[in-house]
Amino acid sequence: MDFNIAIDGPAGSGKSTIANILANKYDLMYINTGAMYRAVTLFAKENNIKPEDTEKLADLINDLKMHFDKEKLIVNGEVINDKITMPEISNSVSDYAKVQVVRELLVTAQKKLGEEYNVIMDGRDIGTNVLTDAKYKFFLTANPEERAKRRYLELTNKGLNVNFEDILNDIIKRDLIDSTREISPLKKADDAVEIDTSNLDIDGVVNCICEHIE
Ligand code: DC
């Protein structure tokens, strides 16, 4: 549609928090594409489907009825947000997200949403591949330690017993897989505005984006 916003960036750069706030402010549908890759990972693991079982993965994805209700991702009638943010999903999601058939099926669904609705969509390849004509494109970054700190606080606030070093290592490993994979790697679109959020709080990032938009 004519008012689409694309937000890309590495894990923990603040994309989903910021996208949620902007979705409310500008009355946009929020599509968290990382959550879609996480959902595929969750159901694939539950069904013992490995990243190399591409036919089974395609059948699985075709059977998943996904829709968003604000920040909630509902799959086949179940809200799965808590399950997909668990460390065992974070550890494997990049291996499923680099599979061609997974990307093709999810990107087709994401493009369709962008054509039908005014959306704010966050991920890794939104500005470069999914919403190439988006009116506004942003690329959020932050240093790995700051991003690991944010994920650590998010998980410990949920009562999970996690280790900071494990989270930092997972973030560094995912950065490498996501930015070096063959198909649509994590990359800033040429026409995206880059914002380093390392030393900004949430309001600071939101204000910066709103200034660009308004
Ligand atoms: O944003 P996130 O950490 O929830 O994303 C989970 C993983 O999904 C991330 O490591 C890479 C993958 N991903 C992707 O490949 N393309 C997207 N558009 C969004 C996420």
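Structure: see above.
Residues numbered from 1 in each chain as written. Predicted model: local features only at pLDDT ≥ 70, side-chain atom pairs only at ≥ 80, totals over all residues. Heavy atoms only, no water.

Moving on, we come to unusual backbone geometry. At K70, a residue that is not glycine, the phi angle is positive and equals roughly 55°. One can find K70 in the loop between strand 3 (66-69) and strand 4 (72-75). With a relative accessible area of 55%, K70 lands in the exposed category. We note that N76 has phi near 45°; this positive angle belongs to a residue other than glycine. Here N76 lies in the loop between strand 4 and strand 5 (78-79). (Helix = DSSP H or I, 4+ residues; strand = E, 2+ residues; numbered from the N terminus. Buried < 20%, exposed > 50% of the residue type's maximum accessible area, 1.4 Å probe, protein only.)

Time to look at the packing of helix 2 (residues 33-46) against helix 5 (residues 87-97). Direction vectors running N to C along helix 2 and helix 5 enclose 100°, while the axes themselves pass 9 Å from each other. Taken together, the axis directions place helix 2 and helix 5 in an arrangement best described as roughly perpendicular. Contacts between helix 2 and helix 5 pair Y37, R38, T41, L42, A44 and K45 from the former with E88, I89, S90, S92, V93, Y96 and A97 from the latter. A class-by-class count of the residues in the contact of helix 2 with helix 5 yields seven nonpolar, three polar and three charged. (Axes fitted to C-alpha atoms, helices over the stretch in contact; angles between N-to-C directions. Parallel < 35°, antiparallel > 145°, perpendicular 65-115°, else oblique. Contact = heavy atoms within 4.5 Å. Nonpolar A, V, L, I, M, F, W, Y, C, P; charged D, E, K, R; others polar.)

Our next topic: the site of the ligand. Not every one of the 17 residues close to the ligand is listed here, only the nearest: R38, R103, D125, D178 and R181. Here an oxygen atom of the ligand and a side-chain polar atom of D178 are 2.8 Å apart. Between the ligand and R181, the relevant distance is 2.7 Å, taken from an oxygen atom to a side-chain nitrogen or oxygen of the residue. Isolated, the ligand exposes 450 Å² of accessible area, and the fraction of that covered by the protein chains is 96%. Taken together, the elements giving at least two residues each to the shell around the ligand come down to helix 2, helix 5 and helix 9 (164-180). The leading source of residues in the shell around the ligand is helix 2, at four residues. Looking at the shell around the ligand residue by residue, the classes come out as four nonpolar, four polar and nine charged. (Near = heavy atom within 4 Å. Polar contact = N/O pair within 3.5 Å; in protein donor to acceptor, adjacent residues only side chain to side chain. Areas by Shrake-Rupley, 256 points an atom, 1.4 Å probe, with all protein chains shown as cover.)

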